[in-house]
Amino acid sequence: MEGRKRTVAFELGNVIVTLVGPMKDEASFVGKLMIVEESHGPDIEWHPLRLKADESQTNSPELETLDWEDVSSSVGYKANHDENAVEIKSIKMPNAIKFDIADLKSYKRTDLSEEHKTVITFLLKDGTNVPSFQFDVCDFGKFFAALDNYVNFQRSKKESNLYLTIDPKVEALEKSFSELDLFTESKSHIITKILHDPYNTAMGGFSKVTNYVLDYMLYNGSETDSKYPQIDISEMIPGNHLQLNIDHQEEPGYELITCIELPPRPMVTREEPVTLEEWNSHLDAEGRIKEFETLKTRIFKGGLANNIRKEAWKYLLGVFRPDVSNKEKAAIQNKNSESYFQMKLQWKSFTPDQESRFSALRDRKSLIEKDVSRTDRTHPFFEGENNANIQMLQEILMSYCMYNFDLGYVQGMSDLLSPMLVVMQDEVDAFWCFAGWLKLIGSNFELEQQGMKNQLQDLHRLLHFVDSQLCSYLEKHDSGNMYFAFRWLLILFKRDFKFMEIMRLWEVMWTGLPCKNFHLLICIAILDSEKLTIMENGYGLTEILKHVNEMSYKINLEDTLCKAEAIYLQIKNSKYRSDVVEAILGLDPLPVEEKAVIKPKDSPSSCKNGAAVFASKKNSEANESTDTIDEYVDLDQNYPTLFDLPY
């Protein structure tokens, strides 16, 4: 039997791939990149050769382990907060990377001018993000000269570092439209409609133009005799391709949608974390916190140094009030310890015979055992067989079932407890911080899922106000239900930022600043960063879900927090903000004389990057919410149960 035909058409060494995981910043591997002609067509392959020399040793406390396919580490752990607590002993090589050139959708290019390097991230048609390749500048040109024999790219007109594959059919149609000069705006949407529904799009749209021209010629352009005296040229072109600002709606009760520009997005910067010295400066002689609101503002802007988290988190999560003295804190600590061990004794005192007739306890215990066995097991604090910390994690969750019989345990809670146990390294302290955390977000885990549904609705409303263009795109691509954000909201980004970063993010959120539901603005900030990638690649429901999932541990936390705060300031400073938006973010209503009123004759800027404002034509509905989005958020049909959260 003849072997499969395989020819290496191009090969390039010294191409670096950097992998990220939940517990570490990055690990870089040097390998060779090839274009291989297979029997089914050309592939791109990368094969690892060695760990990059300067990655062999590290002193970073965040560089703990890798979680990417077959990549793993053997890590030593010391139970303290020493900056050099983590020691990398060995790292296995990752799997080879291989994908079909025909599956390429686009790539992103980042030039590292100081290092004379170019970083490329390929995006596939199904939404997959291939791990980034780092080239020497000269080698980058060689590779793409070879790749040009198989696929062509053109730079996106909307995002300068994004390059899209060229479909020959689309390119030919674009050229035809350009030569005919039928449209003055972008042709891509029109072409897409023609490719998918050529008859209705072409005949339905252009026949109107023909009829209008013929009618005009027959009646010699007479406005009085014409059968179409009031026709507008915009009505001939389906889909509002002229991008008019006012679009008449079919829904009874509302006459138009007008798009407005939000105020300019301000430049926001982050600050250094609150240090132990700064924290202590806010304590009086008896241990009470002075000016707690000022201190919370500093935590919001910079987070906390790791060596004060154990103390500070207890205040942020309501274990201690800021006005309690050291003596009072000791009394609270003793009372909390006594209460905890009483609850722990309750479930531990059940005999196997009793458990056999207590299905609720038995089922929760089984689910907890299943979940803790796979929660952050690559973290040094939880890794290894017979780890006592895993047992502690399980016992805290079982004790919480005794503390809150109604809520009990739901999958995902172990993700929320894990960082608290790592920081506290104390069973009692971790329990009460965890209980305080769930007082804030317990509705996420209710079985009827009303809390999650409300948040998804509010996210849709905020996105519609901040960026109606992106919101409309998601709706048209079966993503208006915001399903892709389900995991973000359920466990508050636990599986989307690295372990050390999630501590920073959570403590920022616990301050309650700068508004209610700041986590929804974090979602919008992430979407804002990915907007052009999603829209330019034409991602649908499946691709968006995959793209969001593959962003895990690759999102820049500080940039995201800056953008989220800037979006908040835009909304706060907007004179067009609605009552609904004010209620979601807890903003004080604008005085009537300061709130702008959109009139039909107003002509604000285009919807391209603007917010949407509805103008009502019925006075009886003027004060009601105008964004009805239940059709986009239907958990009963579109969402899995909370127990189906993927690991």
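Residues numbered from 1 in each chain as written. Predicted model: local features only at pLDDT ≥ 70, side-chain atom pairs only at ≥ 80, totals over all residues. Heavy atoms only, no water.

Where an unreviewed UniProt entry is consulted, the protein chain appears under the name TBC1 domain family member 15, with the organism given as Araneus ventricosus. Comment text from UniProt for the protein chain, heading Function (unreviewed entry), reads "Acts as a GTPase activating protein for RAB7A. Does not act on RAB4, RAB5 or RAB6." (UniProt positions renumbered as here; feature names shortened; annotations may be inferred.)

Engineer: Any chance you could break down the packing of helix 17 (residues 499-510) against helix 20 (residues 557-572) for me, citing the residues and the numbers?
Structural biologist: For the pair helix 17 and helix 20, the least separation of the axes is 11 Å and the interaxial angle reads 20°. Overall, the two elements helix 17 and helix 20 adopt an arrangement that is roughly parallel. The interaxial crossing formed by helix 17 with helix 20 has right-handed handedness. Across the interface between the two elements, E501, R504, L505 and V508 from helix 17 touch L557, E558 and L561 from helix 20. Of the residues contributing to the contact of helix 17 with helix 20, the split by class is four nonpolar, no polar and three charged. (Axes fitted to C-alpha atoms, helices over the stretch in contact; angles between N-to-C directions. Helix = DSSP H or I, 4+ residues; strand = E, 2+ residues; numbered from the N terminus. Parallel < 35°, antiparallel > 145°, perpendicular 65-115°, else oblique. Left-handed = near helix turned anticlockwise from the far one by under 90°. Contact = heavy atoms within 4.5 Å. Nonpolar A, V, L, I, M, F, W, Y, C, P; charged D, E, K, R; others polar.)

Engineer: Describe the pattern of salt bridges, with residues and values.
Structural biologist: Throughout the structure, instances matching the rule amount to 35 salt bridges. Residue K98 is joined to E38 by a salt bridge in which the shortest nitrogen-to-oxygen separation is 3.3 Å. Of this pair, K98 sits in strand 6 (residues 97-100) while E38 sits in strand 2 (residues 24-38), placing them 60 residues apart in sequence. Salt bridges sharing partners connect three or more residues here, namely R6, E38, D43, E45 and K98. (Salt bridge = Lys/Arg side-chain N within 4 Å of Asp/Glu carboxyl O.)

Engineer: Give a description of helix 19 (residues 541-549) that names residues and reports values.
Structural biologist: Given 3.6 residues per turn, any residue in an α-helix points the same way as the ones three and four places further on. Listed in full, the buried residues belonging to helix 19 are I544, H547 and V548. Down the axis of helix 19, the sector holding all buried residues measures 95°, keeping them to one side. If you follow the buried residues of helix 19, they end up packed against strand 8 (117-124), helix 15 (468-476), helix 16 (486-490) and helix 18 (518-536). (Buried < 20%, exposed > 50% of the residue type's maximum accessible area, 1.4 Å probe, protein only. Arc of directions from axis to C-beta.)

Engineer: How would you explain the environment of N573 if you had to name every residue and give the values?
Structural biologist: Along the chain, the position of N573 falls in the loop between helix 20 and helix 21 (579-585). For N573, a relative accessible area of 52% corresponds to the exposed category. Sequence-wise, N573 and R265 are 308 residues apart; in three dimensions their C-alpha atoms are separated by 10.0 Å.

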